[in-house]
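Tertiary structure, described
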2 protein chains.
Amino acid sequence: MPPTPANPSPSPSAARPAGSVDHSVCGGPADLAGPVSLALARVARLHRTAAGRQLRSLGLYPGQEFVMMHLWDRGPVRQSELIKAVELDPSTVTKTLQRLEQAGHVRRSPDPGDRRAVLVEATEQSSGLWEDVAEAWGALEKQTLAGLSERDRTEFVRLLSLVERNLCTEPEGCPE
Amino acid sequence: MPPTPANPSPSPSAARPAGSVDHSVCGGPADLAGPVSLALARVARLHRTAAGRQLRSLGLYPGQEFVMMHLWDRGPVRQSELIKAVELDPSTVTKTLQRLEQAGHVRRSPDPGDRRAVLVEATEQSSGLWEDVAEAWGALEKQTLAGLSERDRTEFVRLLSLVERNLCTEPEGCPE
DNA sequence: ACCCATTACTTGGCCGACCAAGGTAATGTT
DNA sequence: AACATTACCTTGGTCGGCCAAGTAATGGGT
């Protein structure tokens, strides 16, 4: 008998570790299974929102930074290269590039050596953004990690790396 | 002189810690500033995608779980309560609920006591999903944390909590 | 009683992300 | 040389998420 509404924790077949669930932070409710996944999802959304706030004023939308940054320090690349780099769905990259192109941040041209391919590069006009974006990301990084010791930070990236490996492997979807 | 294409790291004004950037995992490229923010963003996307894969087969889309889970163990609630609980934009919740309603997972009715408000509850039909969702989240949690020691896990939630607090506070956007 | 701020929700629009399906060009196979 | 496969990209559609703006009901203050 799964959900007997208005009646907490009917004891499922799966996860529900133990009594309290830690909702230590920020008033977050945090009931439900999978405390880590839940926390991760919440943090991720907050992080993206924060990035968005930083970027909006620059005329970029969250997600576009990755593309621009790659172009800025790689120069002209094939779109396929870019796709592998950002690890996004090809169609996502296509659409993002269309918008970036229309905004004048990016130029695209057919690859003479392979008529299926498209070469992408940041426009000169976009170079002014570079600094701003770097600064915005610096600020975001700073806000994200405020109050974390050096040890905490390295620990955090270590754990993130582990988790990333976990999420990459199993059902495939990771490059390689 | 910001972007001199095809020329790595022109030394910005902001973050760019040191030489190598750790791209320890999964072949990820991981150049660019803000290694933590970047890693976090990547992990978050992978995590959401993984959740999506689990959920698709159940006829749910990522994000809807949170709503359903809340309804399942809280019973009928006002929409405003739900919004506070999931910490999402009201319009997001509205749309999600419309879709969930159309899918038959949720029922909505006007609150007799307050004619602006809407009461939301999970349908009986949806109760079958409960177990599946719990299981899916269990699996996700398991995959996410595979190979992490108990100490690593608690450390991870601790760090996530800190980061969450950081991202909540500053520019406001957190409940309270 | 009246006005006005607050609360509760909705609509429309835009973007990032995915999948599914399609079209074209390069490459491999026989 | 013809065919099949694979690589590269685009289009269309759907969702989650945000913001901005709008409607409607409640409640407080005077």
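Scroll up to find the structure.
Throughout what follows, the structure given in this document is the object of discussion. (Residues numbered from 1 in each chain as written. Chains lettered and ligands numbered in written order. Predicted model: local features only at pLDDT ≥ 70, side-chain atom pairs only at ≥ 80, totals over all residues.)

**Some remarks on the overall build of chain A**
Check the secondary structure of chain A and you find six helices and three strands. Traced from its N-terminal end to its C-terminal end, chain A shows the element sequence α-α-β-α-α-β-β-α-α. The proportion of buried residues among the 176 residues of chain A is 36%. (Helix = DSSP H or I, 4+ residues; strand = E, 2+ residues; numbered from the N terminus. Buried ≥ 20, exposed ≤ 12 C-beta atoms within 10 Å, placed from the backbone.)

**Notes on the protein's contact with DNA strand C**
Close contacts around DNA strand C come from 25 residues, with A:Gly63, A:Asp89, A:Ser91, B:Ser80 and B:Ser91 the closest. Elements represented by at least two residues in the surface near DNA strand C include exactly helix 4 (90-102) of chain A together with helix 1 (35-56), helix 3 (79-86) and helix 4 (90-102) of chain B. Broken down by class, the residue content of the surface near DNA strand C amounts to six nonpolar, 10 polar and nine charged. (Near = placed C-beta within 6 Å. Nonpolar A, V, L, I, M, F, W, Y, C, P; charged D, E, K, R; others polar.)

**Focus: the sheet that holds strand 2 (residues 106-110) of chain B**
Consider a sheet: its strands pair through backbone hydrogen bonds, and that pairing is either parallel or antiparallel. Residues and elements named next belong to chain B. On the basis of which strands lie adjacent, the open sheet formed by three strands has the order 1-3-2 and antiparallel pairing. One side of each edge strand has no neighbouring strand; the edge strands of this open sheet are strand 1 (77-78) and strand 2. Strand contacts of helix 2 (residues 64-74): strand 1, strand 2 and strand 3 (118-122), with the helix running at about 90° to strand 3, the strand carrying the most contacts. (Pairing = 2+ DSSP bridges. Contact = placed C-beta atoms within 7 Å. Axes fitted to C-alpha atoms, helices over the stretch in contact; angles between N-to-C directions.)

**Some words on the sheet that holds strand 1 (residues 77-78) of chain A**
Residue and element names in this part refer to chain A. Taken in spatial order, the three strands line up as 1-3-2 in an open sheet, and their pairing is antiparallel. Bordering the open sheet on either side are strand 1 and strand 2 (106-110), each of which pairs with just one other strand. Where strand 1 and strand 3 (residues 118-122) come together, two bridges link them in antiparallel fashion. Its bridge partner being in strand 3, Arg78 is matched across the sheet by Leu119. Contacting strand 2 and strand 3, helix 4 crosses the sheet at an angle of about 115° to strand 2.

**Thoughts on the protein's contact with DNA strand D**
Residues in contact with DNA strand D amount to 25 residues; listed here are only the nearest, A:Ser80, A:Ser91, B:Gly63, B:Asp89 and B:Ser91. At the level of elements, helix 1 (35-56), helix 3 (79-86) and helix 4 of chain A together with helix 4 of chain B are the ones that each hand at least two residues to the surface near DNA strand D. Per-element accounting of the surface near DNA strand D gives the leading share, five residues, to helix 4 of chain B.

**Description of the pairing of strand 3 of chain A**
One ladder, built from five bridges, connects strand 2 of chain A with strand 3 of chain A; its direction is antiparallel. By the bridge assignment, A:Arg107 is partnered in strand 3 of chain A with A:Glu121.

**Details of the packing of helix 1 of chain A against helix 5 (residues 127-145) of chain A**
Residues and elements named next belong to chain A. Relative to each other, helix 1 and helix 5 sit at 145°, their axes nearing to 10 Å. Of the two elements, helix 1 crosses helix 5, and the hand of that crossing is right-handed. Seen from helix 1, the contacting residues are His47, Ala50, Ala51, Gln54 and Leu55; seen from helix 5, they are Ala136, Ala139, Leu140, Gln143 and Thr144. Among the residues forming the contact of helix 1 with helix 5, the class breakdown is six nonpolar, four polar and no charged. (Left-handed = near helix turned anticlockwise from the far one by under 90°.)

**What about unusual backbone geometry?**
Residue A:Glu87 is not a glycine yet carries a positive backbone phi of 60°. Its location among the elements puts A:Glu87 in the loop between helix 3 and helix 4.

**Section: the environment of A:Asp152**
Here A:Asp152 is to be found in helix 6 (residues 150-169). Placed 23 residues apart in sequence, A:Asp152 and A:Leu129 show a C-alpha to C-alpha distance of 32 Å.

**Quick word on helix 2 of chain B**
Residue and element names in this part refer to chain B. Of all 11 residues making up helix 2, 10 are buried, and the element is well covered by its neighbours. Three or more residues of helix 2 are buried, namely Gln64, Glu65, Phe66, Val67, Met68, Met69, His70, Leu71, Trp72 and Arg74. Where helix 2 ends, the next residue or the one after it, Gly75, has phi of about 75°, a positive value.

**Some thoughts on helix 3 of chain B**
Residue and element names in this part refer to chain B. Where helix 3 is concerned, the buried positions are Leu82, Ile83 and Ala85. All buried residues of helix 3 project into a common sector of 165° when viewed along the axis, lining one side. Looking at the packing, one finds that the buried side of helix 3 touches helix 2, strand 1, helix 4 and strand 3. Two residues or fewer after helix 3 comes Glu87, characterised by a positive phi angle close to 60°. (Arc of directions from axis to C-beta.)

**Thoughts on the nonpolar core**
Membership of the largest hydrophobic core comes to 81 residues, with the highest contact counts inside it found for A:Val43, A:Met68, A:Leu160, B:Val43, B:Met68 and B:Leu160. Residue contacts for A:Val43: discarding those within four places in its chain leaves B:Leu160, B:Val163, B:Glu164 and B:Leu167. (Core = buried A, V, L, I, M, F, W, Y, C linked by C-beta atoms within 7 Å.)

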